[in-house]
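Observations on the three-dimensional arrangement
Residue strings, one per chain:
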Amino acid sequence: MRKETVYEIIAIALICLFVYTGLSKLINFSTFNFQLGQSPYVNHIANFVSWSIPTAELITTLLLVFKRTRLVGFYLSFALMFLFTGYIYLMLHYSYFLPCSCGGILASMSWKQHLYFDAFFTFLSLFGILVPGPMLKIPKTVLS
Amino acid sequence: MKGKLITIAVIATLAIFGLTILYGAEDNPNKHKNGFQRKFIANAITRIKVAPFENAVYQLCGTNGGLLYLSGQIPGLVYVADRQLSRIYTVQLPLPKIPNLAPVFYTVVCFPDIFILGGNIKIIISGNLLTKKYTIHNLNTGPFGNVSVAGNNNFILRDIDTLTYNALFKKVNRRGEVQQAEKGISERLHDFGFLDYGKLTYDSTTHLFVYVSRYSNRITCFDSSLTVQYISRTIDTSSHPKINIAKEQGSVTIKTPPFTVNQDACSSQGQLFVHSGLKADDENTSDFNDRAVFDVYTEITGAYIGSFYIPNYDGESFKNFNILGKNRLIVFYDQHIVSYDLTSTN
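What comes next is a walk through the structure. (Residues numbered from 1 in each chain as written. Chains lettered and ligands numbered in written order. Predicted model: local features only at pLDDT ≥ 70, side-chain atom pairs only at ≥ 80, totals over all residues.)

We now examine the interface of chain A and chain B. On the chain B side, the residues contacting the 22 residues of chain A number 22 residues. Of all elements in the fold, only α4 (70-94) and α5 (111-130) of chain A reach the threshold of two or more residues within the side of chain A that touches chain B. Ranked by the residues each element gives to the side of chain A that touches chain B, the list is headed by α4(A), at nine residues. Residue classes in the side of chain A that touches chain B are distributed as 16 nonpolar, six polar and no charged. (Contact = placed C-beta atoms within 7 Å. Helix = DSSP H or I, 4+ residues; strand = E, 2+ residues; numbered from the N terminus. Nonpolar A, V, L, I, M, F, W, Y, C, P; charged D, E, K, R; others polar.)

Structure representation (structure tokens):
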């Protein structure tokens, strides 16, 4: 498989993930906000987090859609997925209370499955950063 | 490539820094002193047997001679094990698919009789594991939890009154008829039973029921006529539940992370064993985090006897436990059942 194809597949997978999770958090905003309020780590900043996470996910989606901004999108995607993975690890190993995980289709996953799922997408984002993408053709007029 | 690697390292460092701040900001009572001390009565508890068990078993639902009856996620499916946990097989009451019976159901086996009580759909299934016959009765109660057998095929359960939202103990018979309601055991909190949620345990040698609150240190002991014998406290100082609930359109949910004072409890042969969620001031943090701590009380008076640790098993989380007789502790982990000898705690 060509590197460009791999690059495209990774970007599409991350776009699908962030569109789905970002929109489902906004559509079920009150539920998401309520669930964050049950988390021992973010309950005191639940309002801020419940807006900023879906916003960051949708911004990442936009950055991943356009080839010029895709690398920045991969960086942001890596940052988000790294944070999510670390957060779930903290919840699983150190939290004194484990609430329901999250809304949408991911709700059917256990916290442990969620950890593996997020770790997989963290590595996918990392791969997207490290695999050289297709060279952009920059007009000569810009260079001169 | 070097620039990319540096950027990745910076992002990862910032994320770890952010997570560290979140961890530091967590208001976990076990990070602070809790104002009590434990007296340890045994240094090492002997592990007798480990039985791998990939099927999710939740609890012991009956004993008969040398056999243990265990229930899991499927109503009517009972796992039978000998006391050495060396042989495990299943028996099943062939129930039809009953919507919403799982996951809130309680199984009681008084072999060959089996009773399955559906807490959400308010039914009681009385069956026989030998003949495989069963009958289904509706219970004249609200949704309920905390089922315990009360002898002569009666059950004690914690019923939620659908008008007042109070949780009250009631005695029902095998046909689902309410025989008796409690006399002042529970506080009227209009909370669907959330604030004083706990574990009900029955000791067939003393014929006493003990209810250990999950979010406070209250211990309530009552007899089979639902009359309070005493109200006592576990050794910690958490007399008020640290839990906020949200009432919305006839339902109640937990609003902020509650702190669990008592994780689980079981009484046997005059002793009450409580798996505590609170670290004592004289305990080492890693000792507490890597093990489950049990506090032992005299069941008749609620007086504290002492404590002991059970180590975590191979990274698996502790689900619940039962005491058999005076000296056998059975612990249910994610994929294993482990038995321990408690002789050294006596």
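Having put the structure on the table, let's press on.
This part covers the sheet that holds strand β9 (residues 134-138) of chain B. All names here are of chain B. One open sheet holds the four strands; their spatial order is β6-β7-β8-β9, and the pairing between them is antiparallel. In this open sheet, the two strands that pair with only one neighbour each are β6 (105-110) and β9. Taken over all neighbouring pairs, the strand axes of this sheet differ in orientation by 15 degrees on average, direction set aside. (Pairing = 2+ DSSP bridges. Axes fitted to C-alpha atoms, helices over the stretch in contact; angles between N-to-C directions.)

Glancing now at the pairing of β9(B). Two strands pair when backbone bridges link them, and strand β8 (residues 123-128) of chain B and β9(B) are joined in this way by five bridges, in the antiparallel orientation. By the bridge assignment for β9(B), B:Ile123 is matched with B:Asn138.

As a further point, take the sheet that holds strand β24 (residues 318-324) of chain B. Within a beta sheet, neighbouring strands are joined by backbone hydrogen bonds and run either parallel or antiparallel to one another. All names here are of chain B. Spatially, β1-β26-β25-β24 is the arrangement adopted by the four strands of the open sheet, whose pairing is antiparallel. Only two strands of the sheet have a single neighbouring strand rather than two, namely β1 (46-52) and β24. Between one strand axis and the next, the sheet turns through 20 degrees on average, direction left out of account. Summarising the sheet, strand β25 (residues 328-333) and strand β26 (residues 336-341) pair through five bridges and their orientation is antiparallel. Looking at the pairing, Arg328 lines up with Asp341 of β26.

The next subject is unusual backbone geometry. Residues and elements named next belong to chain B. Cis peptide bonds are those with omega within 30 degrees of zero, and the linkage from Ala102 to Pro103 qualifies with 5 degrees. With respect to the helices and strands, the residue Pro103 is situated in the loop between β5 (88-92) and β6. Backbone torsion omega between Phe111 and Pro112 reads 5 degrees, so that peptide bond is classified as cis. With respect to the helices, strands and loops of the structure, Pro112 is situated in the loop between β6 and β7 (113-118). Of note in the backbone geometry, Lys132 takes a positive phi value of approximately 65 degrees without being a glycine. Relative to the helices and strands, Lys132 resides in the loop between β8 and β9. What makes Lys132 partly exposed here is the crowd of 15 C-beta atoms within 10 Å. (Buried ≥ 20, exposed ≤ 12 C-beta atoms within 10 Å, placed from the backbone.)

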